[in-house]
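Each chain, written out:
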Amino acid sequence: MIDLALRCSEGPVSLAGISDRQKISLSYLEQLFGKLRRYGLVDSVRGPGGGYCLARPTSEMTVTDIIRAVDEPLDATQCGGRENCRDDERCMTHELWSTLNDKMYEFLSSVTLAELVNQQLQRTGGKVAVVHDARRSRPRARVKAVALES
């Protein structure tokens, strides 16, 4: 999502580009972005020059929104919150791990995608490598140019 947010001002961002830059399997990204789209965090654009765009401002998306959208559980308990950690009974440290879960969600709910994007921009000095698809400006061209932009 950070990669998408950094580049979506140039138009839709391809999953293949994200896959290359972040070294994440394209098929896995397709699964994740399907979930993100259904949750209303991204929009898809079909056709030549298509890809994904953010569906709402980065300041209105938290890390918790993203985690929930992709169904990735954050759970420090061994039992998944079912309280059957030890021989179908609650273990002695269940409350500790359950409280940690609450604190993780509380923290991640306070972090917006905008903050993560700003941290990345500060780290890179405001430079973001953007792959421009020449098909957007010249319908028959099949050449990609690389430019660094702020």
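Going by what an unreviewed UniProt entry lists, the protein chain is known as Iron-sulfur cluster regulator IscR and is assigned to Candidatus Accumulibacter phosphatis.

Participant: Before we go on, may I ask you to explain the nonpolar core in this structure?
Facilitator: Grouped burial of nonpolar side chains is what soluble globular proteins tend to show. One finds Met-1, Leu-4, Phe-33, Leu-36, Val-42 and Leu-54 to be the most contacted residues of the largest nonpolar core, which totals 22 residues. Those elements that place two or more of their residues in this core are α1 (2-7), α2 (15-22), α3 (26-38), β2 (51-54), α4 (63-69) and α6 (113-123). Here the element with the most residues in this core is α3; it accounts for four residues. With sequence-adjacent residues up to four places away left out, Phe-33 is seen in contact with Leu-4, Leu-15, Ile-18, Val-42 and Tyr-52.

Participant: Quick question: what am I supposed to make of the confidence of the model for the protein chain here?
Facilitator: As a general rule, the predicted coordinates of low-pLDDT regions are not to be interpreted in detail. With 85% of its residues at a pLDDT of 70 or more, the protein chain shows a mean pLDDT of 83. This model gives residues 131-150 a pLDDT under 50, and the stretch forms 35 contacts once residues within four places in sequence are excluded.

Conventions adopted
Residues numbered from 1 in each chain as written. Predicted model: local features only at pLDDT ≥ 70, side-chain atom pairs only at ≥ 80, totals over all residues. Heavy atoms only, no water. Core = buried A, V, L, I, M, F, W, Y, C linked by side-chain atoms within 4.5 Å. Buried < 20%, exposed > 50% of the residue type's maximum accessible area, 1.4 Å probe, protein only. Helix = DSSP H or I, 4+ residues; strand = E, 2+ residues; numbered from the N terminus. Contact = heavy atoms within 4.5 Å. pLDDT = per-residue confidence, 0-100.

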